[in-house]
Amino acid sequence: LPARRDPELFTKDLHFDEVPVRIYLPREPSAGKRRGVIFFHGGCGIFGSIRSYDRICRSITKKSDSVVVSVGYGLSPEHKYPAQTLDCLTATLHFLKAAENYGVDPERVIICGDSVGGTFATSICQELVSRRDTPKICAQVLIYPFLQALDFSLPSYQQNAFIPFLSRERTVHFILKYLQKDCSLKEAVLAGSHVPQSTTLKYRKWINPDLIPETFKVGYTPPLPTSFLPQVHEETRELFKTRISPLLAADAVVCCLPDTCIITCEHDVLRDDGLLYKKRLEDNQVKVTWHHMREGFH
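Because the structure is predicted, anything quoted here is derived from the model rather than measured.

Draft legend 1. Local environment of unusual backbone geometry. Omega for the bond connecting Ser 76 with Pro 77 falls within 30 degrees of zero, at 10°, which places this linkage in the cis form. Look at the link from Pro 164 to Phe 165: it is a cis peptide, with omega at 5°. Mapped onto the secondary structure, Phe 165 falls in the loop between helix H4 (155-159) and helix H5 (168-178). Unlike most non-glycine residues, Cys 44 shows phi in positive territory, near 65°. With respect to the element layout, Cys 44 can be found in the loop between strand E3 (34-40) and helix H1 (54-64).

Structure below.
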């Protein structure tokens, strides 16, 4: 969908340090500086675009009276991982430094994303924790984010294994496609054979079905033990990096994160990622607002 005229908004396609963005500004004059929203779209890092999220970004701009920047990060396979995260980081840093040029208070900028866009939003916020050359992010809004690639047998993965649009099998297929890995590894990754026992034990305090509230575990059965496959582990090492699995970030990083809004959906394989991250943030005294869509789909 091309950018279209809107009587309530100014829209303009720009580049922030060579990264394509579309900026949405309310036409109504503001008494002071507005809030800013940096938005990363979903699509598994493989599809989706500024254009396909145009209606959503217009709605956010109008309903929140904010200036919205939609980031058109490069897609895989033309742009190899981690180009997507780096594009998002580049655009974010540019806007934080130039916010006042767009009538935005640089101290009131949030980062928002859905699905893999939520992954990018999470990892960008984590990477900015140690930065001292830019204003702090005011808050992060994570809409059914993908946050870990260690355990694909959590209750939400079992309960929604065959739910369209994002089935359990398709989730891992898309991850491997995004990372440009051999998709024949899918069954081994689904079974958890890519995770050494030492890693499972190390992160069990954060990724564990016991941490999921009982109301979300109806019908859950613990998976049978599987054999660790070192070759699969070597092929999928990226899955253990915080840019893919930000749920694995250290407490020293998590405790410094901004206020967070997490949105989860009942019929979504990624639901439990959001629930686990919610608990981690709360355990680290980060203020969390949680919205759960009981009849919602990914």
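That covers the picture; the talk isn't over yet.
Draft legend 2. Structural context of the pairing of strand E1 (residues 9-16). Across eight bridges, E1 lies against strand E2 (residues 19-26) in antiparallel orientation. Among the inter-strand pairings, Phe 16 is bridged to a residue of E2, identified as Val 19. A loop of two residues connects E1 with E2, the two strands running antiparallel in sequence, and Asp 17 in this loop sits at a positive phi of about 50°.

Draft legend 3. Structural context of H5. Turning to H5, its buried residues are Thr 171, Val 172, Phe 174, Ile 175, Leu 176 and Tyr 178. Close packing links the buried residues of H5 with helix H2 (83-98), helix H3 (116-128), H4 and helix H6 (186-191). Just downstream of H5 lies Gln 180, where phi reads positive at about 60°.

Draft legend 4. Summary view of the domain arrangement of the protein chain. One can read the domain layout of the protein chain as domain 1 (9-148 + 246-297) and domain 2 (155-240). Distance between the C-alpha centres of domain 1 and domain 2: 25 Å. Of the roughly 2600 Å² buried between domain 1 and domain 2, counting both surfaces, carbon and sulfur atoms make up 70%. When residues of domain 1 are sorted by the area they lose upon contact with domain 2, Tyr 81, Leu 248 and Val 269 head the list and together hold 27% of the total.

Draft legend 5. Here's a closer look at the UniProt feature "domain: Alpha/beta hydrolase fold-3" (unreviewed entry) in the protein chain. The UniProt entry lists residues 37-181 and 241-298 under the feature "domain: Alpha/beta hydrolase fold-3" (unreviewed entry), expressed in the numbering used here. When the span residues 241-298 is considered, its composition is 29% helix and 33% strand, and the gap between its end C-alpha atoms is 24 Å.

The rules we used
- Residues numbered from 1 in each chain as written.
- Predicted model: local features only at pLDDT ≥ 70, side-chain atom pairs only at ≥ 80, totals over all residues.
- Heavy atoms only, no water.
- Helix = DSSP H or I, 4+ residues; strand = E, 2+ residues; numbered from the N terminus.
- Pairing = 2+ DSSP bridges.
- Buried < 20%, exposed > 50% of the residue type's maximum accessible area, 1.4 Å probe, protein only.
- Contact = heavy atoms within 4.5 Å.
- Domains from an automatic or database assignment.
- Buried area = accessible area lost by both parts, 1.4 Å probe.
- UniProt positions renumbered as here; feature names shortened; annotations may be inferred.

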